[in-house]
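These are the residues of each chain, in order.
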Amino acid sequence: MGQKLSSMEFYNSIASKYDKIYSDRISVLENIALMEYLNKVRQDGMVLDAGCGTGLILDELNPMILPDEYMGFDISQNMLSQAIQKHPDYRTRFIHHDLLQQRISWVNSFKNVWCLYGVLTCLDEAGILEALNHLYSYLQEGGCMVLVPNGTRDPSQRSSTVHSKAEVQADYTLMDLKSWKFLVEGLLGKDADYTIRPFNTVADYTSADDDIVLEGLRHDLDISLNSLHGDVDCGFFVIEIRK
């Protein structure tokens, strides 16, 4: 499906089309369910939006998150430009930064660290582990980190993703449930306080009414996969880590 680009090149190339690509029915319903969930687990204090893209979190949760409560970063300058255009009051709260570079001034600075919709899985497995280390270091005691990597379902086979619609492509990493448990427990220890949930287990496959699809997405986010020894077919995993 065409040439492969680095993540930065890929998202720079599609930034002006990104929001339109994700305006489809399933993506809109996913956003509603996920933002409701984030509001439930959000702690009082600063939010770090890792891989903020075009500013989805602010599209959905502004004005519940004020400028002095928010910091977003992305590797794609073009995606950041779109975010600033949509949210000029947050202009100084968007930073050009790489997940693989630790920002020492952010260590122990955020009660909420969110990394959504496959941002982590733009990296290879070694990069994912390094990025997790950095993101966890930014989290304050009593804080909550939410990661939403791609699940077991190949995004190039899902009709509602850039990987199925863009003329150019970038590499991404798919990991199963066992691998994510191994990674989190390897980083934080077997007594780590975390929950892994599925997200979009059936929404891609149904033509049901929006209300029914939305309830299914909400139901996914009430499920814990921690004790499951097999695997699950899902568009994303939602990994909630408490410090």
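Model, not experiment: these values are computed from the prediction.

(A) Here's a closer look at the overall build of the protein. Each helix and strand in the protein was counted, giving eight helices and nine strands. Referenced to the eigenvectors of the C-alpha coordinate spread, the extents of the protein come out at roughly 45 × 45 × 35 Å. By residue count, 52% of the 243 residues in the protein fall in the buried class. Partitioning the intrachain contacts of the protein with sequence separation of at least 6 by distance along the chain shows that 76% fall at a separation of at least 24. Carbon and sulfur atoms make up 50% of the accessible area of the protein, which totals about 11100 Å². Within the protein, the 35 negative side-chain charges are centred at a point lying 1 Å from the centre of the 21 positive side-chain charges.

(B) Up close: the side chain of Thr173. Here Thr173 lies in the loop between β7 (169-170) and α7 (177-188). According to the relative accessible area criterion, Thr173 is buried, its value standing at 13%. Those residues in contact with Thr173 that lie beyond four places of it in its chain are Thr121, Leu123, Asp124, Glu125 and Ile128.

(C) Geometry of unusual backbone geometry. Pro63 follows Asn62 through a cis peptide bond whose omega is 10°. Topologically, Pro63 is positioned in the loop between α3 (56-61) and β3 (70-74). Its identity is not glycine, yet Asn108 carries a phi of approximately 60°, on the positive side. Here Asn108 shows up in the loop between β4 (94-96) and β5 (110-115). We classify Asn108 as partly exposed; its relative accessible area is 46%.

(D) Representation of the pairing of strand β2 (residues 47-50) within the structure. Burial along β2 is two-sided: the residues Val47 and Asp49 and Leu48 and Ala50 are all buried. Judged from the three bridges that link them, β2 and β5 form a sheet pairing that is parallel. Bridging across to β5, Val47 finds its partner in Asn112.

(E) Fine view of the packing of aromatic side chains. On inspection of all chains with the given rule, the structure shows 10 aromatic pairs. Taking the centre distance of 5.5 Å and the plane angle of 35° together, the rings of Phe73 and Trp106 count as tilted. Of this pair, Phe73 sits in strand β3 while Trp106 sits in the loop between β4 and β5, and the two are 33 residues apart along the sequence. Here Phe73 and Trp106 have matching classes, each one buried. By the ring-pair criterion, three or more aromatic residues cluster together here, those being Phe10, Tyr11, Tyr18 and Tyr22. Positioned above the aromatic ring of Tyr136, the side-chain terminus of Lys243 is 4.7 Å from the ring centre.

(F) Geometry of the environment of Asp231. The topology assignment puts Asp231 in the loop between α8 (210-220) and β9 (236-242). Taking the C-alpha atoms as reference points, Asp231 and Ala131, separated by 100 residues in sequence, lie 24 Å from one another. Residue contacts for Asp231: discarding those within four places in its chain leaves Thr152, Asp176, Leu177 and Phe237. Within the local environment of Asp231, its side chain forms a polar contact with the backbone nitrogen of Leu177, the two atoms lying 3.3 Å apart.

(G) Highlighting the sheet that holds β5. Spatially, β4-β3-β2-β5-β6-β9-β8 is the arrangement adopted by the seven strands of the open sheet, whose pairing is mixed. The sheet is open, and its two borders are formed by β4 and β8 (193-199), each paired with just one other strand. Sheet twist, expressed as the average angle between the axes of neighbouring strands with direction ignored, equals 15°. On the sheet, helix α4 (residues 77-86) packs against β3 and β4 and is oriented at approximately 170° with respect to β4.

(H) Highlighting the pairing of β5. The buried fraction of β5 is high, at five of six residues. Of the strand pairs in this sheet, β5 and strand β6 (residues 139-147) are connected by five bridges, and their pairing is parallel. Bridged to Val113 within β6 is Met145. What joins β5 to β6 is helix α5 (residues 125-138), and the crossover it makes is right-handed.

(I) Summary view of the pattern of salt bridges. In total, this model carries 12 salt bridges according to the counting rule given. Of the charged contacts, one joins Asp204 and Arg153 as a salt bridge, the two residues approaching to 2.8 Å between their closest N and O atoms. Taken together, the positions of Asp204 in the loop between β8 and α8 and Arg153 in the loop between β6 and α6 (162-165) put the pair 51 residues apart, joining distant regions of the chain. A relative accessible area of 25% places Asp204 in the partly exposed class.

Definitions and cut-offs
- Residues numbered from 1 in each chain as written.
- Predicted model: local features only at pLDDT ≥ 70, side-chain atom pairs only at ≥ 80, totals over all residues.
- Heavy atoms only, no water.
- Helix = DSSP H or I, 4+ residues; strand = E, 2+ residues; numbered from the N terminus.
- Buried < 20%, exposed > 50% of the residue type's maximum accessible area, 1.4 Å probe, protein only.
- Contact = heavy atoms within 4.5 Å.
- Areas by Shrake-Rupley, 256 points an atom, 1.4 Å probe, with all protein chains shown as cover.
- Lys, Arg positive; Asp, Glu negative; His and termini not counted.
- Charge placed at Lys NZ, Arg CZ, Asp CG, Glu CD.
- Pairing = 2+ DSSP bridges.
- Phe/Tyr/Trp six-rings, centres within 6.5 Å; stacked < 30°, edge-to-face > 60°.
- Lys NZ or Arg CZ within 6 Å of the ring centre and 35° of its normal.
- Polar contact = N/O pair within 3.5 Å; in protein donor to acceptor, adjacent residues only side chain to side chain.
- Axes fitted to C-alpha atoms, helices over the stretch in contact; angles between N-to-C directions.
- Right-handed = clockwise from strand over helix to strand, strands pointing away.
- Salt bridge = Lys/Arg side-chain N within 4 Å of Asp/Glu carboxyl O.

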